[in-house]
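Architecture at a glance
The primary structure of each chain is shown beneath.
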Amino acid sequence: MEGFPVEVIGNILSHVVNAKDVVRASATCRKWRVALRHHLHTLRYNSLDCWPAYRNSRTEELEVLLTDTILQTSGLQDLHISNKAKFSSAAVIAWLLHTRESLRLLTYKVPTSKPYVNVLERCGRMRCLESLDLGNTDVRLTADPTAPRFPCLLSLTLSEVNVSALDLHLLLLACQKLKSFSLHSAVITSPDPELTLNLTSSSLKSFVLDDTSLDHMILETDILENLHLRYSTFTTFQLVSKGFRLQTLRINDVTINRQLLITSIATADLEVLEVSKSCSNVWGMIDCLLAHSSSKLRKLRLWGIPSASSSWDHLYPDIIASLFPCINDLGLSYEVMNLRVYPDESLTTSVFEKLAYLELGSDTLDDIFLSWMGAILGRCPNLRRLVVHDRTNEAKSHGYSALKGEFITNFVKIVRQYPQVDIKFDNV
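So, here's what we can say about the structure. (Residues numbered from 1 in each chain as written. Predicted model: local features only at pLDDT ≥ 70, side-chain atom pairs only at ≥ 80, totals over all residues. Heavy atoms only, no water.)

Counting its regular elements, the chain contains twelve helices and 19 strands. Buried residues in the chain amount to 50% of all 428 residues. Restricting to contacts in the chain with at least 6 residues of sequence separation, those with at least 24 account for 65%. By element, 52% of the accessible surface of the chain is carried by carbon and sulfur atoms, the whole surface being about 19,400 Å². (Helix = DSSP H or I, 4+ residues; strand = E, 2+ residues; numbered from the N terminus. Buried < 20%, exposed > 50% of the residue type's maximum accessible area, 1.4 Å probe, protein only. Contact = heavy atoms within 4.5 Å. Areas by Shrake-Rupley, 256 points an atom, 1.4 Å probe, with all protein chains shown as cover.)

Turning our eyes to something else, we now look at the packing of helix α5 (residues 59-72) against helix α6 (residues 89-98). In contact at an axis separation of 10 Å, α5 and α6 are set at 15° when each is read in the N-to-C sense. Comparing the axis directions of α5 and α6 gives the class roughly parallel. In this structure, the crossing between α5 and α6 has a hand that is left-handed. For the pair α5 and α6, the contacting residues are Glu63, Leu66, Thr67, Ile70 and Leu71 in the first and Ala91, Ala94, Trp95 and His98 in the second. Looking at side-chain class alone, the contact of α5 with α6 contains six nonpolar, two polar and one charged residues. (Axes fitted to C-alpha atoms, helices over the stretch in contact; angles between N-to-C directions. Parallel < 35°, antiparallel > 145°, perpendicular 65-115°, else oblique. Left-handed = near helix turned anticlockwise from the far one by under 90°. Nonpolar A, V, L, I, M, F, W, Y, C, P; charged D, E, K, R; others polar.)

The next subject is the nonpolar core. Grouped together as the largest cluster of nonpolar side chains are 103 residues, with contacts concentrated most on Phe181, Leu227 and Met373. Dropping the residues within four chain positions of it, Leu227 is found in contact with Phe207, Leu219, Phe237, Leu239, Leu246, Thr248, Leu249, Arg250 and Ile262. (Core = buried A, V, L, I, M, F, W, Y, C linked by side-chain atoms within 4.5 Å.)

This brings us to the pairing of strand β17 (residues 357-362). Among the six residues in β17, five count as buried, and that is most of the element. Pairing of strand β16 (residues 329-334) with β17 involves six bridges; the strand directions are parallel. Residue pairing in the sheet places Tyr334 in a bridge with Ser362 of β17. Remark: the β17/helix α11 (residues 367-377)/strand β18 (residues 385-390) crossover connection has right-handed handedness. (Pairing = 2+ DSSP bridges. Right-handed = clockwise from strand over helix to strand, strands pointing away.)

What follows is the structure, given as structure tokens:
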């Protein structure tokens, strides 16, 4: 490799998974040491990815290794550090100070050290930082909340952090160029008896909230395009529209005890709508979304939603096809007492012209489901793939096996009419 330019060697080192291997490789010769110093742009350390011998290293040894490697670089752009054990405050401060002029992407998932290092505040002074992923730490804003910070930050992810509702509100206000914000498994605190989180951003385009419980949440944005809520619980959730129009809305495993407010204006240009395994309170929102969504909708997934009195309890395939002619990806679950889809004889000409992927699920194995499936398949002339999920929980008795055998026989009879479709049958 003597003929390799140092820039190429630096690129090779940047693709090495573990920091310790980077150090060993750079010791090969002088040329590799120069590449480490001037052309290494990515350095990663994850205690879960290490070889067994590395996992047994003491935290102090890892600190020395990382500090020695980072301080040798002159233009590190991407730094990823994940560790179960705490690093010393001095080492963390040294890493952040040395990379403050060049770092563009930082992932830091390390338990809070003692004395406490406010990684968030120190990152706020980095001139080039575009992406920040913090985890397993406390998030505090101790400086003047009106002071300029994060001049270039576009993406922020907080995972398993402790943070106050006020600090989160101020943080988003401070990130004036932020495009994407994700909050995972956060412990949010507030002095008020009811926990209310109010987030305001004029630049935010994507928001993900995962595994978080709140009493009330209000999200105010100007240009939001993607909203994803999952594994979370709210009393109320309100999305305040300032003229923006969502393109993607996903609600998975969400419990809303009282009200979910998303205006019809915000969903007028929806392209993707997914609602799955959520409480029956979302039916009112689904009614509104489907009634006002534009013909741009190309992916619709309604899955495992408890029954509720709704004008859309009977979602005829012809109605969906006529309202949303651009749909190419459709997922529907069927339960005898929940979501029923039957053919509408008055709209027999409606077909899913562009539908290529169809996913169906059932808690029951019966002829009604097969009729339901056949009615939909008959309206999909260009279908390429069908996935059917069997979610029955009955004991695997002889009677159950016989019933399932009969179901499979009838199922095969139906799908044989569509030889061009790739069929997959899943037991889940």
